[in-house]
Structures are given as structure tokens and as C-alpha cells.
Amino acid sequence: MIPDSIIVALQKEMQKLGYISRDAVNQIAERFHVSPTHVYSVASFYQQFSFIPQGKNVIAVCTGTACFIAGAEKILTMLKEELGISEGEITPDGKFSIQKNTRCLGKCSTAPIVMINERVYENATVEQIKEAIHELR
Ligand code: FES
């Protein structure tokens, strides 16, 4: 069983730094008297935690089968051109990052799905996501 407090500690770290650093893993492990491997395994289980730095605004384009068929690739291509970064990278100003390998987000019936931070865009279009990016700039 995973103590809720480890998850809360990981969430606080994500809010503070935007990712889970090696130091954070060690500190959380020490605080909760568990091994760093245990903390890694907990953080790896949840998609909300990242071990690499992320932008202020995190974009996830689902590339699962339903979203791929519905045009997710066009949205991803637009984002890469618009932001000048690839999946797994951060814009130089730190404002945006595109998550790597985003798989099914469980909303296949309204594909394609794009998430920008906590907001979910269903039946997402290139124009809609481009506008959302411009508003966040
Ligand atoms: S494949 Fe994208 S939500 Fe399921």
C-alpha cells in the first residue's frame, strides 16, 4: 500500500519544481523511512509525476489509436512548429513543454484529446489548440 503522504509530498514537489528531482526522491524517502526505489516506483506509477523538468504549461496530445485516427498528429505537428520544440522538450522561456508518448487518456469517443495543464480539450482541432497556446503566451 502506498501512503497518501508520499503522493502528497510528490505533488508538492511537482508544484514547486515542475518535476521530481533525484534530491527530492531521496528527501521523501528519508522523511517516510522508505527506500528511494520505493519512491521512484510510486512516482512512476502515476502519469502526473515527471522526472524531467517541464514547462509552466504542460501540453499532452494523446497519440493513442483513436486520437491518431482522428487527427492528433496534425495537432502535434502544429504545436512543434508553433513552439519550436519536440515532445519531451521545453521552450527556451520555460513557458511550454510537450509531454512525450502520451497514450490513451480514456476519452476515445471524443478524440482527438489534448490536455493543457488540467484542462481537457475533446474533439480538439488545430485551430482551437493554436488559440489556446496564444492565450497562454
Ligand atoms: S486514444 Fe486518445 S483518448 Fe483514447
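The following paragraphs examine the structure supplied in this document.

Calculation criteria
Residues numbered from 1 in each chain as written. Predicted model: local features only at pLDDT ≥ 70, side-chain atom pairs only at ≥ 80, totals over all residues. Heavy atoms only, no water. Buried < 20%, exposed > 50% of the residue type's maximum accessible area, 1.4 Å probe, protein only. Helix = DSSP H or I, 4+ residues; strand = E, 2+ residues; numbered from the N terminus. Arc of directions from axis to C-beta. Contact = heavy atoms within 4.5 Å. 1 Å grid on protein atoms, 1.4 Å probe; cavity = no way out; pocket = protein on both sides within 12 Å on 5 of 7 lines; lining within 4 Å. Points joined across faces, edges and corners; volume = space filled by probe spheres on them. Nonpolar A, V, L, I, M, F, W, Y, C, P; charged D, E, K, R; others polar. Domains from an automatic or database assignment.

Okay, helix α6 (residues 126-136) next. Within the sequence span of α6, burial applies to Ile129, Ala132 and Ile133. Taken down its axis, α6 places every buried residue within 100° of arc, on the same side. Of the residues in α6, the exposed ones pointing more than 90 degrees away from the buried face are Glu127, Glu131 and Glu135. Of the surrounding elements, those touching the buried residues of α6 are β1 (57-61), α5 (72-83), β2 (96-98), β3 (114-116) and β4 (119-121).

Here we take up unusual backbone geometry. The linkage connecting Ala111 with the following residue, Pro112, adopts the cis geometry, with an omega of 0°. If you trace the backbone, Pro112 turns up in the loop between β2 and β3. For Asn117, which is not glycine, the phi dihedral falls at a positive 55°. As for its position among the elements, Asn117 is in the loop between β3 and β4. The exposure class assigned to Asn117 is partly exposed, which follows from its relative accessible area of 30%.

Now for the layout of surface pockets. Taken as a whole, the largest pocket spans an internal volume of roughly 620 Å³. Along its surface, the largest pocket is lined by 21 residues, and Met14, Gln48, Val58, Asn117 and Glu118 are the ones closest to its centre. The set of elements that each furnish at least two residues to the lining of the largest pocket consists of α1 (4-17) and β1. Here the lining of the largest pocket takes 5 residues from α1, the largest share from any one element. Of the residues assigned to the lining of the largest pocket, the class counts are 8 nonpolar, 10 polar and 3 charged. A domain split of the lining of the largest pocket shows at least three residues from each of domain 1 (4-45) and domain 2 (57-136). Computed from the structure, the second largest pocket encloses a volume of approximately 290 Å³. Lining the second largest pocket are 18 residues; nearest its centre among them are Phe49, Ser50, Ile52, Gln54 and Gln99. Going through the elements one at a time, α3 (36-45) and β2 are the ones with two or more residues in the lining of the second largest pocket. Here the lining of the second largest pocket is composed, by residue class, of 7 nonpolar, 9 polar and 2 charged.

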